Amino acid sequence: MPSLLQKLWSRQVLYVPLLAIALILMMVRRVVMAHVFSPEEFAAFSAGLLIASAFLMIGVLGLYPLLQRELPSYFATGREQAGRILLAQNILVALVLLLPFAAIALLVGPYVKLTPWEAIISAANGLSQQLFLTATVESRSRLNPLRFSLENLVRAVGVVLLSVAVAMITHSAAATLLIEAIVTGIGSFLIMRPFVQVAKYKWSHSYILAARHVTSIDWRTSRALLLVSALSFLILSADSWFAASLLSQSAFAAYAFIATVGTSAQSIQSILNASLFPSLAHSMAKVGLFATFRLALVAIVITLFLGGFAAVPMFYILRTLISEYFSAYGETITILPIALAVSVIRVSDFWSSYLIVIKKEKLIISADISGFLTGFALWLFVVVLPSGISKIGLLQVAWLALFLALASPLCKFFFSLWATKSWKVGTRQDILSRMKAGYDRLGL
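Report follows, based on the coordinates. (Residues numbered from 1 in each chain as written. Predicted model: local features only at pLDDT ≥ 70, side-chain atom pairs only at ≥ 80, totals over all residues. Heavy atoms only, no water.)

**Focus: the overall build of the protein**
Counted only if it meets this: Strands are runs of DSSP state E lasting at least 2 residues, helices are runs of H or I lasting at least 4, and numbering of each runs from the N terminus. A simple rule labels every residue: compare its accessible area, found with a 1.4 Å probe on the protein chains alone, to the largest value its type can have, and call it buried under 20%, exposed over 50%, or partly exposed in between. Residues are treated as being in contact if the distance between any of their heavy atoms lies within 4.5 Å. Throughout, the Shrake-Rupley method with a 1.4 Å probe supplies accessible areas, and for residues the shown protein chains are the sole cover considered.
Assigned secondary structure in the protein consists of 17 helices and zero strands. Buried positions account for 53% of the 444 residues belonging to the protein. Put simply, of all contacts in the protein between residues at least 6 apart along the chain, 83% involve residues at least 24 apart. When the accessible surface of the protein is summed, it comes to about 20,100 Å², and 71% of that surface belongs to carbon and sulfur atoms.

This is the structure in structure tokens:
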């Protein structure tokens, strides 16, 4: 196991600085928007990103997590054409989903205080983000994190430069969301085209094949993965939806400002998971179940330790920055410790990836439902009922985020442990011999 971790680390360590720069740029962009926009316009910008994230929740009807799971194995077994078709199917379905999702966004928009135009642009922004995630699956699945990091860095530079410029000129959340969608969409097309296009065919050939083979998609698995994505989205964003609908626009702007910490943590988790997920898939295919569980557990423990260690200085840094430069959001200092705790927990949750890799998606559904119900019930009885619904403010919504963040990964851990222990592979000696054979195949 140490040798396996050493090999994975040696492959992936170079991508960390570039991805860190991309992450910092995207985080700085949110902070700059909070400074440039009025609280009301920043609230609209944040609500637009919230709707855009709902498009990512759909996950192309579950095809995107299916692509994440299957593409590494396609490449490992030389099935390039099958991977090309599945990626093209993701793109086609995402484009088809834009119209019905825009209609839903129009209905939801008034509840989060968005105009119809802002709601439609937010839906388009979500589509562009989904296309970018789909485009970068190819480099991740080839275990090429350096190229993946460069793709993210180029996109981050383009988005930050143009969106900040548009925000400073127009002071409009809608215009800023639109330019971000355009930049991300163009970048996604440029990344995908070399892979989708075959040497002796035009780029449209892969899309024609993808449309013809839509009925061959494993829709049963994709539906299960869609439910997984929807539940994960509900857990991660329930506090933001409550804040957008229950708080005043200025109070939601303040909550959205401090939620930048959680958003950054989620971005870090996505970056780490983008590299860990293919590693788990390869480990499962070549080494086996128990080594894969151990790899996931080690990654989670290390991430929790590093996140907790970094949270202490981050508290003092952020408190000083808010007091000195963002006095309009000074009330958020009271919930900063909760926001940092939520961030540390979220950044280290990789159990969903493990359960997807071992093809136990239904357990994720059970764990997410259990986690959400447990966390929400605790929040109601501990926070809401003693003070009353009318007293819900920034602090109460922050507690909801913490309860949900704690309950979900704990439930997934117990379900993952149960799934691993109940896997019937024979005696202990048989298990050890299988693991040794797997290590021998890897040359460890």
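Continuing now.
**A word on the environment of serine 279**
Here serine 279 lies in helix 11 (residues 249-286). On the accessibility criterion, serine 279 (4% relative accessible area) is buried. As a C-alpha pair, serine 279 and leucine 143 span 136 residues in sequence and 7.6 Å in three-dimensional space.

**Here we look at the pattern of salt bridges**
Opposite charge on two side chains allows them to pair when their charged atoms are near. Rules: In the sections that follow, a salt bridge refers to a side-chain nitrogen of Lys or Arg positioned within 4 Å of a carboxyl oxygen of Asp or Glu.
Inspection of every chain in the model, using the stated rule, returns seven salt bridges. Residue arginine 147 is joined to glutamate 138 by a salt bridge in which the shortest nitrogen-to-oxygen separation is 3.1 Å. The exposure class assigned to arginine 147 is partly exposed, which follows from its relative accessible area of 28%. On the basis of relative accessible area, glutamate 138 is assigned to the buried category, the value being 8%. Between aspartate 349 and lysine 412 there is a salt bridge; the shortest N-O distance is 2.9 Å. Placement of aspartate 349 in the loop between helix 13 (336-347) and helix 14 (351-357) and of lysine 412 in helix 16 (residues 394-421) is noted, with a sequence separation of 63 residues between them. The pair formed by aspartate 349 and lysine 412 is uniform in burial state, with each residue classed as buried. Via salt bridges that share partners, Glu138, Arg142, Arg147 and Glu151 belong to a single interconnected network.

**Structural notes on the nonpolar core**
Our working rule: For the purposes of this section, nonpolar cores are sets of buried Ala, Val, Leu, Ile, Met, Phe, Trp, Tyr and Cys residues that join through side-chain atoms within 4.5 Å.
Ranked by internal contacts, the top residues of the largest apolar core, which has 124 residues, are Phe42, Phe45, Tyr255, Tyr329 and Tyr354. The element best represented in this core is helix 11, accounting for 13 residues. Not counting residues up to four positions away in its chain, the partners in contact with tyrosine 354 are Leu280, Leu289, Thr292, Phe293, Ala296, Ser416 and Thr420.

**Examining the side chain of glutamate 180**
Structurally, the position occupied by glutamate 180 is in helix 8 (residues 173-196). Judged by relative accessible area, glutamate 180 falls into the buried class, the value being 5%.

**A look at the packing of aromatic side chains**
Keep this limit in mind: Two aromatic rings, drawn from Phe, Tyr or Trp (for Trp, its six-membered ring), form a pair once their centres lie within 6.5 Å of each other, and the interplanar angle then sorts them: stacked below 30 degrees, edge-to-face above 60, tilted otherwise. In this scheme, the term charge over a ring applies when either NZ of a lysine or CZ of an arginine sits within 6 Å of the ring centre and within 35 degrees of the ring normal.
Applying the stated criterion across every chain yields a total of 16 aromatic pairs. Aromatic rings pair up to connect Phe293, Trp351, Tyr354, Phe413 and Phe414 into one cluster. Here arginine 142 stacks its cationic end above the ring of phenylalanine 75, 3.9 Å away from the centre of that ring.

**A word on unusual backbone geometry**
We note that lysine 113 has phi near 65°; this positive angle belongs to a residue other than glycine. With a relative accessible area of 34%, lysine 113 lands in the partly exposed category. Not every positive phi belongs to a glycine, and histidine 171 is a case in point at roughly 50°. Relative to the assigned elements, histidine 171 resides in the loop between helix 7 (145-170) and helix 8.

**Overview of the environment of isoleucine 389**
For isoleucine 389, the location among the structural elements is in the loop between helix 15 (361-387) and helix 16. Expressed as a C-alpha distance, the spacing of isoleucine 389 and leucine 246, which sit 143 residues apart in the sequence, is 9.8 Å.

**With respect to a nonpolar patch on the surface**
The line we're drawing: For patch building, the residue pool is restricted to those with more than 30% relative accessible area and no salt bridge; the joining distance is 9 Å between like charges and 5 Å between nonpolar side chains (Val, Leu, Ile, Met, Phe, Trp, Tyr).
On the surface, Trp117, Leu178, Ile182, Ile186, Phe189 and Leu190 cluster together to form a nonpolar patch covering roughly 610 Å² of accessible area. Of all the elements, helix 8 adds the most residues to the nonpolar patch, at five residues. Take isoleucine 182: it is sitting in helix 8.

**Brief notes about helix 3 (residues 39-58)**
Operational definition: Multiplying one less than the number of residues by 1.5 Å gives the expected span of a helix.
With 20 residues, helix 3 should reach 28 Å at 1.5 Å per residue; the first-to-last C-alpha distance of 29 Å fits that figure. Just downstream of helix 3 lies glycine 59, where phi reads positive at about 60°.

**Points about the packing of helix 12 (residues 289-325) against helix 16**
Pairs of packed helices are described in terms of their axes, by the angle between the two and the distance that separates them. Using the following cut-off: Fitted lines through C-alpha atoms give the axes, limited to the stretch in contact for helices. The angle between two N-to-C directions lies from 0 to 180 degrees. For classification purposes, angles smaller than 35 degrees are called roughly parallel, those larger than 145 roughly antiparallel, those between 65 and 115 roughly perpendicular, and all remaining angles oblique. Crossing handedness follows the turn of the near helix against the far one: under a right angle anticlockwise gives a left-handed crossing, and clockwise gives a right-handed one.
Following both chains from N to C, one finds helix 12 and helix 16 inclined at 160°, their axes separated by 10 Å at the closest point. It follows that helix 12 is roughly antiparallel to helix 16 by the angle criterion. Crossing of helix 12 against helix 16: the hand is left-handed. Touching Leu289, Phe290 and Phe293 of helix 12 are Ser416, Leu417 and Thr420, all from helix 16.

**Topic: the packing of helix 4 (residues 63-76) against helix 10 (residues 219-246)**
Where helix 4 contacts helix 10, the axes come no closer than 7 Å and their chain directions differ by 110°. Compared by their axis directions, helix 4 and helix 10 come out roughly perpendicular. Of the residues in helix 10, those touching helix 4 at Leu63, Pro65, Leu66 and Arg69 are Trp219, Thr221, Ser222, Leu225 and Ser229.

**Focus: the environment of glycine 375**
Its location among the elements puts glycine 375 in helix 15. A sequence separation of 28 residues divides glycine 375 from phenylalanine 403, and the C-alpha atoms of the two residues are 4.8 Å apart. Not counting residues within four places of it along the chain, the set of residues in contact with glycine 375 comprises Phe403, Leu404 and Ala407.

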